[in-house]
Amino acid sequence: MKNTQLLTSLRYVLLGALTVTTSVVQAESIAITNATVYTVAKKGVLFQATVMVDEGKITAVYGKDEVPESLSADTIIDAKERILTPGFIATHNLLGLVEVGAVSDTRDSSDKDADITFDASLAFNPKSTLIAYARKGGITSSLVMPYGGEDVITGQSFVVNLSGDFDSVIMPQNAVIVSLGASGKGSRATKLQTLSNELEDAQKALAKAEKVKASSKKEKEEKEAETPSRSELVLNELLSGDKPLIAYADRATDILALLKLKQKFNLNLILAGASDAVLVSDEIAKANVVVMMSAIDNLPSSFDSLHNSLTNVAKLTDAGVKVIISNSGESYNINQLRFDAGVAVANGVAATTALAAVTANVADSFNLNSGRIAVGKNADLVLWSSDPFEISTKVDAMWINGQAMSLKSRQDALRQRYIVETDMPRAYTK
Amino acid sequence: MLSLGLTACLPNEKQDAKVVINKNPYPSTYQALPSESTLLTNATILTGTGERINNGDILLVNGKVTQVGNNLSVEQATVIDMKGKWITPGIIDVHSHLGVYPNPEVESHSDGNEMTSPNTSEVWAEHSVWPQDPAFQAARAGGITSLQILPGSANLFGGRGVTLRNVPSETMQGMKFSGAPYGLKMACGENPKRVYGSRKVLPSTRMGNVAGYRSAWLAATEYKRDWDKYDSDYSAGKNPDAPKRDLALDTLMGVLDGEILIHNHCYKAEEMAVMIDLGNEFNYHSGTFHHAIEGYKVADLLAANGNCAAMWPDWWGFKMEAYDMVEENVAIVDAVKNSCAVVHSDSATTIQRLNQEAAKVMYRANENGFALKEEDAIKWITANAAKSLGINDEVGSLEAGKNADVVVWNMNPFSVYAQAEQVFIDGAKVYDRFDDKYQAKSDFLLGQQLDNHVSKVVTQLEKKSATNPATHPAIKPANKK
C-alpha cells in the first residue's frame, strides 16, 4: 500500500456519459499495465505488473521486468499502480431470486415442495436491479443459495456471473444444500437422522446396483427397468464426492455430526453459518472442511450461536481451516462483502487471507475458473481506487469475462436525478 | 370583535379560544411548471362548450386561455402552426385509483381500500397516493390533465377522494388541485354487502346497506347540530364546550355543509333512486353516480335531481349489477335537458384512452338514431367531468379566463389512431410525444433497464494516458482495421 497517498491524491472520475454497447460480447484484447496485482495465485502480489486479457481469458501475467519485447492490445489501461484483484465472489445470498423481499411475486428463492432436485437457477433474473448495485462492490460472480421446503435437503445452489446477460448462469445445480440445527418444531435429531438415512439408503442402492452390474446378463436385464430416480442421481453425486454438500449448521454438536457423515459417506462437505465452529476448529481442519461464514456476526443470535465473534475467522484460519467469507442471507448489500473482509482483517486475519476468502477459496470449493489472476482464468477483474477493503475505496473499473462492465446502478440514476439543477419536476430528468 | 362580544353579552365570563376545525390540513403546494406565451394556430378546436372551431387559434398566456377564435394575431407569443391537428381541453378522469392502486400491482402497494369497517369516512385517499406511480405518466400521454383519486368500493363509506393535477411531483401535495372540493366515496350494491356479509357484519343485504348509510347520516346530523350550536353559542359570547372531534363525522358533516361532494359507486337504476331519496332525507346532494350502468333507465330522474352520472361505454357482465349494459348509456343520459353525462375510466389502462371511450359511445349512439358530434362528445371527458368534480370554473373547457389545460392531437381524437402529441397544464407543456425532454419518467422506472456493458470505459477513465505512451513501452495498441 505504499502508493496509497499518491493514489488517493489523484482523482479518477468515471465520466457521466459512458459509451454503451449492446450485450454482445466483443472479444477485445486488453493490457492492464502498471498495476499492483493481487493474483491470489502462486505469483502473490506483483508491483508495476501487466495483465493481458484476450477472448475473455487472462493470457499473461507479467511482473515488472517480465514483459516481452513486443505485445499489443486493443485497449491499454495504465493502472497507475492501483490495485487489481480477481473479481470478488459472493456466497450465501438470493441474488436474482428476490427483487423485493416483501413482494411475494418477486420471490423465487424457496418453494414448499423444494427438495434435493430444486433448481432455483431456472428462476434467476439477470436483470435484477440488485445485480448492478452488487457490481459496485467488486462482485463479479455469486454462489446463489436458495432456501427450500420442509425437507432437510432444501435444494441446490448455482453460480452466476454479474454481467446482467441472459447467459449469466455459469453452473446450475452445483451443490446440494442441507439445513441442520435448531428446529422450531420437533427435534434437530430428526433432521440429522433423515440426512444420514437418505445417504445410507442411497449408498446401499448404489452397492446393489454395482452388484447387479457384475452379475449375469439375464439378471442385469431384469434389473435394468429399475432406473434411479432424479433425487437418487443427485445423492449418488454426493456420495461420489463429485458434488459439494453445503450444510448450514451452527452448534458444535451438529458440526461434529456432519464431520462424521463426511467421513462415513466420503462427502465433499462445506460448512455454512458455523457460528460455533471455533469450538471444534481442530476437528474441522483435520477433516479438511471449508467453512463459509460471516465475518461480522458477533451476537449470540440463538442458542446455537453463542460463540459468534468478530475473531472467529481469524481463529479458524489460524487453526488451518480454509474460510469463505460470506455476507449472510439477503442480497441487497452484497457489495459490502469487501467491508466484511476488512472487518476480518481488523480482527486478526491477514489481508491476503481475507482476499482469498472472497475469491480463490470460493473458486476452489466450487470448481470455478475464476478467483485468481492467472493464465487461463476467466478475466473477472476489478481495478480499485485503493485498498479494496477500505471504505474510502471505490471500484474504478470491472471486467467480467474480459468485458468492461458498467458500474452504474439504479441508485446512481436516482441520486443524479435529485441533485441536478432543473426548473422542471425531477421526473423529467433522466 | 372578541372583546366587544364579551363586553356586550357576558362581561363576567371569559371565552376560551375558539375551537376551529382545520379543513385544509394538507394544503396544495402545486405550482405551474414554467411556461411561455403560446399561440397555437390553424387547428380544429373542440372547446368543450359544445363548439367546434375550424382553422382555429388559441392563445395561452400566463397559464390561462386568453383568446380562442379565428385569425388571432398577437405579438410576444411563440406561434406554433397546428395545421391538421385537433385541440381539446385537457382530459379529466373523475374516477381513478392511480397512486393508491399503483403499478406494479403488488401487495405492498395495495392502498386503495380500507376494508376494515363499513364506514371509513375518516380515511383520505390522498394519504395513500404514491406520486411515483408510472401510470400517471402514461395517463398524461393520453391527455389526462386532472383526475380524481378515489378510495375503493368495499365500504358503504370508503373515505375521501382527492383531485390532482397530473404533473410529476415527489409529493401528493405538489399535485393537489388547489381549491378543488373533496369527494366522499360511497358505494351501493353488491360490493359492501359481499365484503361485510361474509364477515357476518352489517350489511349483508342491500337493505343492510341503506340502514348503514342512514345510521351514519343520523350521527352526522347530530354532530353537525352540536358544532352549529357551539359556533352560535360562541358567537353569542358564551363559552361553550366544543364537541369532541370525530374524523369520520368531520367528513360527513362536510357533505352536509355542501363542501364535500358525493361520489357514489352505484350501478343500478333503483338504487340510484334510493340514494337520491337518501340525500333528500338527510338534506345533502347525492352528487355523481359512478359506474352508472343503468343510468339510461333513470336519465330523467338524474337530470331533474342534478346528478352527474359517470359511465363506461362498454364494461359489463362481471356481476349482476353490471348486466344491463347498453353502449349508448352515456348518450341516453346526455340527451336529457340539464343532464351531466361523464365518461370515466376506473382503470390505469383505460385512462390512457378516454378519448376512445367517448368515441365508442358517440359512434354506437349515432348508429342508433342519435346525431352526436365530436364537439358534443368531448364534453363527457372534459366539461361535464369538471362539473362533477366542482372544478368547472377553472378547467374543462377552452374559454378565455380558464386554465390553459390543452391537448394537441395529431388527428380527430375520436379515431382509434389518434395520439396526443402535446399536453399543456396551466399553459406549461408537460408532455411532448416527440421530445424526450417533456416525457417524465417515474423514479420507479428510472434505472430499471440499465445497460450492463460499457466499451472504452477505462479508456475514458484514462483519457490522458491514451494520448501518452503506455507505461510499458513494449505494449502497443493493436492495429485496427
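Residues numbered from 1 in each chain as written. Chains lettered and ligands numbered in written order. Predicted model: local features only at pLDDT ≥ 70, side-chain atom pairs only at ≥ 80, totals over all residues. Heavy atoms only, no water.

1. Concerning the overall build of chain A
Working step 1: Looking only at helices and strands, one finds 12 helices and 17 strands in chain A.
Working step 2: Computed over C-alpha atoms, the radius of gyration of chain A comes to 23 Å, within 12% of the 22 Å expected from 2.2 N^0.38 for 430 residues, which places it in the range of a compact globule.
Working step 3: Considered along the principal axes of its C-alpha atoms, chain A spans approximately 75 × 55 × 45 Å.
Working step 4: A burial count over chain A gives 53% of its 430 residues as buried.
Working step 5: Within chain A, contacts between residues separated by at least 24 positions form 67% of all contacts whose residues are at least 6 apart in sequence. (Helix = DSSP H or I, 4+ residues; strand = E, 2+ residues; numbered from the N terminus. Rg over C-alpha atoms; globule rule 2.2 N^0.38 Å. Buried < 20%, exposed > 50% of the residue type's maximum accessible area, 1.4 Å probe, protein only. Contact = heavy atoms within 4.5 Å.)

2. Quick word on the nonpolar core
Where a protein is soluble and globular, its nonpolar side chains tend to be buried together.
Working step 1: Formed by 89 residues in total, the largest nonpolar core has its most connected members in B:Met186, B:Trp217 and B:Trp380.
Working step 2: Those residues in contact with B:Met186 that lie beyond four places of it in its chain are B:Leu156, B:Phe157, B:Tyr213, B:Trp217, B:Ile262, B:His263, B:Asn264, B:His265, B:Met275, B:Leu278 and B:Tyr284.
Working step 3: Core analysis: the next-biggest nonpolar cluster, separate from the first, contains 81 residues, A:Val98, A:Ala277, A:Val291 and A:Met398 among them. (Core = buried A, V, L, I, M, F, W, Y, C linked by side-chain atoms within 4.5 Å.)

3. Comments concerning the pattern of salt bridges
Side chains that differ in sign of charge can pair as their charged atoms come close.
Working step 1: This structure, assessed with the given rule, holds 41 salt bridges over all chains.
Working step 2: The partner of A:Asp412 in a salt bridge is A:Lys136, and the shortest N-O contact between them spans 2.7 Å. Remark: A:Lys136 occurs in the loop between helix H2 (129-135) and strand S8 (139-144) and A:Asp412 occurs in helix H12 (residues 410-419); sequence separation between them is 276 residues.
Working step 3: The exposure class of A:Asp412 is buried, given its relative accessible area of 10%.
Working step 4: Relative accessible area serves as the criterion here: at 26%, A:Lys136 is assigned to the partly exposed category.
Working step 5: The partner of B:Arg245 in a salt bridge is B:Asp250, and the shortest N-O contact between them spans 2.8 Å.
Working step 6: Assessed through its relative accessible area of 41%, B:Arg245 is described here as partly exposed.
Working step 7: Here the residues in one salt-bridge network are B:Glu190, B:Arg206, B:Glu271, B:Lys319 and B:Glu321, joined through shared partners. (Salt bridge = Lys/Arg side-chain N within 4 Å of Asp/Glu carboxyl O.)

4. Concerning the packing of helix H3 (residues 188-214) of chain A against helix H5 (residues 230-239) of chain A
Residues and elements named next belong to chain A.
Working step 1: Direction vectors running N to C along H3 and H5 enclose 90°, while the axes themselves pass 9 Å from each other. Classified by the interaxial angle, the pair formed by H3 and H5 is roughly perpendicular. Contacts between H3 and H5 involve Glu198, Leu199, Ala202, Gln203 and Leu206 on the former and, on the latter, Leu235, Asn236, Leu238 and Leu239.
Working step 2: Classifying every residue of the contact of H3 with H5 gives 6 nonpolar, 2 polar and 1 charged. (Axes fitted to C-alpha atoms, helices over the stretch in contact; angles between N-to-C directions. Parallel < 35°, antiparallel > 145°, perpendicular 65-115°, else oblique. Nonpolar A, V, L, I, M, F, W, Y, C, P; charged D, E, K, R; others polar.)

5. Observations concerning the packing of aromatic side chains
All names here are of chain B.
Working step 1: Evaluation of the coordinates by the stated rule reveals 17 aromatic pairs over all chains.
Working step 2: A centroid spacing of 6.1 Å and a plane angle of 70° characterise the contact between Trp130 and Phe444, whose relative ring orientation is edge-to-face. Taken together, the residues span a long stretch of sequence, with Trp130 in the loop between strand S6 (91-96) and helix H2 (134-141) and Phe444 in the loop between strand S16 (428-432) and helix H12 (457-461) at a distance of 314 residues.
Working step 3: We classify Trp130 as partly exposed; its relative accessible area is 23%.
Working step 4: Residues Trp227 and Tyr230 carry aromatic rings whose centres are separated by 5.7 Å and whose planes lie at 85° to one another, so their mutual orientation is edge-to-face. With Trp227 and Tyr230 both in helix H4 (residues 206-235) and 3 residues apart, this pair spans about one turn of that helix.
Working step 5: A residue is classified by how much of its surface remains accessible, and Tyr230, at 2% relative accessible area, is buried.
Working step 6: These aromatic residues form a ring-pair network of at least three members: Phe157, Tyr213, Trp217 and Tyr284. (Phe/Tyr/Trp six-rings, centres within 6.5 Å; stacked < 30°, edge-to-face > 60°.)

6. As for helix H3 (residues 190-197) of chain B
Working step 1: Most of H3(B) is tucked away: 6 of the 8 residues are buried.
Working step 2: Elements in contact with the buried residues of H3(B): strand S9 (183-187), H4 and strand S10 (261-265) of chain B.

7. Regarding unusual backbone geometry
Working step 1: In this structure, the amide linkage connecting B:Asn103 to the following residue, B:Pro104, adopts the cis form with an omega of -5°.
Working step 2: Within the element layout of this structure, B:Pro104 appears in the loop between S6 and H2.
Working step 3: Omega for the bond connecting B:Leu202 with B:Pro203 falls within 30 degrees of zero, at 5°, which places this linkage in the cis form.
Working step 4: Position of B:Pro203 relative to the elements: it lies in the loop between H3 and H4.
Working step 5: Unusually for a residue other than glycine, A:Val40 sits at a positive phi of about 50°.
Working step 6: Take A:Val40: it is sitting in the loop between strand S1 (30-38) and strand S2 (45-54).
Working step 7: Despite not being glycine, A:Asn401 shows a phi value in the positive range, around 50°.
Working step 8: As for its placement among the helices and strands, A:Asn401 is situated in the loop between strand S16 (395-400) and strand S17 (403-404).

8. Observations regarding the state of the cysteines
Among covalent bonds in proteins, the disulfide is the one between the sulfur atoms of two cysteines.
All names here are of chain B.
Working step 1: Across all of its chains, the model carries 2 disulfides over all chains by this definition.
Working step 2: Cys188 shares a disulfide with Cys266; S-S distance 2.4 Å. The disulfide joining Cys188 to Cys266 has a torsion of about -85° about its S-S bond and is therefore left-handed. Here Cys266 lies in the loop between S10 and helix H6 (269-282) and Cys188 lies in the loop between S9 and H3, a separation of 78 residues in the sequence.
Working step 3: The exposure class of Cys188 is buried, given its relative accessible area of 2%.
Working step 4: Each sulfur in the disulfide pair Cys308 and Cys340 lies 2.1 Å from the other. Disulfide Cys308-Cys340: the torsion about the S-S bond is 80°, which places it as right-handed. Residue Cys308 is located in strand S12 (residues 308-311), and its partner Cys340 is located in the loop between helix H8 (329-334) and strand S13 (341-343); the two are separated by 32 residues in the primary sequence.
Working step 5: On the basis of relative accessibility, which here comes to 5%, the residue Cys308 falls in the buried class.
Working step 6: Of note for chain B: the bonded cysteines, numbered N- to C-terminal, pair according to 1-2, 3-4. (Disulfide = S-S within 2.5 Å.)

9. Remarks on the sheet that holds S12(B)
Consider a sheet: its strands pair through backbone hydrogen bonds, and that pairing is either parallel or antiparallel.
Residue and element names in this part refer to chain B.
Working step 1: Pairing in this open sheet of 8 strands is mixed, and the strands run S6-S7-S8-S9-S10-S11-S12-S13 from one edge to the other. Edge positions in the sheet fall to S6 and S13, since each has one partner strand and no second. Taken pair by pair, the neighbouring strands of this sheet meet at an average axis angle of 25°, ignoring direction.
Working step 2: With 3 bridges joining them, S12 and S13 adopt parallel strand pairing. Residue pairing across strands places Ala309 opposite Ala341, the latter belonging to S13. (Pairing = 2+ DSSP bridges.)

10. Details of the packing of H4(B) against H6(B)
Residues and elements named next belong to chain B.
Working step 1: As a packed pair, H4 and H6 sit with axes 11 Å apart at the nearest point and diverge in direction by 20°. By the criterion of interaxial angle, the relationship of H4 to H6 is roughly parallel. H6 is crossed by H4, and the crossing has right-handed handedness. Two secondary-structure elements touch here, H4 through Arg206, Val210, Tyr213, Arg214, Trp217, Leu218 and Thr221 and H6 through Glu271, Val274, Met275, Leu278, Glu281 and Phe282.
Working step 2: For the contact of H4 with H6, the class distribution of residues is 8 nonpolar, 1 polar and 4 charged. (Left-handed = near helix turned anticlockwise from the far one by under 90°.)

11. A closer look at the confidence of the model for chain B
All names here are of chain B.
Working step 1: In the predicted model, chain B carries a mean pLDDT of 93, and the fraction of residues at 70 or more is 93%.
Working step 2: A low-confidence stretch, residues 1-8 stays under pLDDT 50, and its non-local contacts, those more than four residues away or across chains, total 8 contacts.
Working step 3: For this predicted complex, the interface confidence score (ipTM) comes to 0.78, while the overall pTM stands at 0.86. (pLDDT = per-residue confidence, 0-100.)

12. Some thoughts on the domain arrangement of chain A
All names here are of chain A.
Working step 1: If you check the domain split of chain A, you get domain 1 (26-87 + 371-429) and domain 2 (88-218 + 227-369).
Working step 2: One C-alpha centre belongs to domain 1, the other to domain 2, and the line joining them spans 29 Å.
Working step 3: Every contact between the two is made by 33 residues of domain 1 and, on the other side, 30 residues of domain 2.
Working step 4: When the two sides are added together, the surface that domain 1 and domain 2 hide from each other amounts to roughly 2400 Å², 63% of it contributed by carbon and sulfur.
Working step 5: The tally of links between domain 1 and domain 2 comes to 11 residue pairs in polar contact (both at pLDDT 80 or more). (Domains from an automatic or database assignment. Buried area = accessible area lost by both parts, 1.4 Å probe. Polar contact = N/O pair within 3.5 Å; in protein donor to acceptor, adjacent residues only side chain to side chain.)

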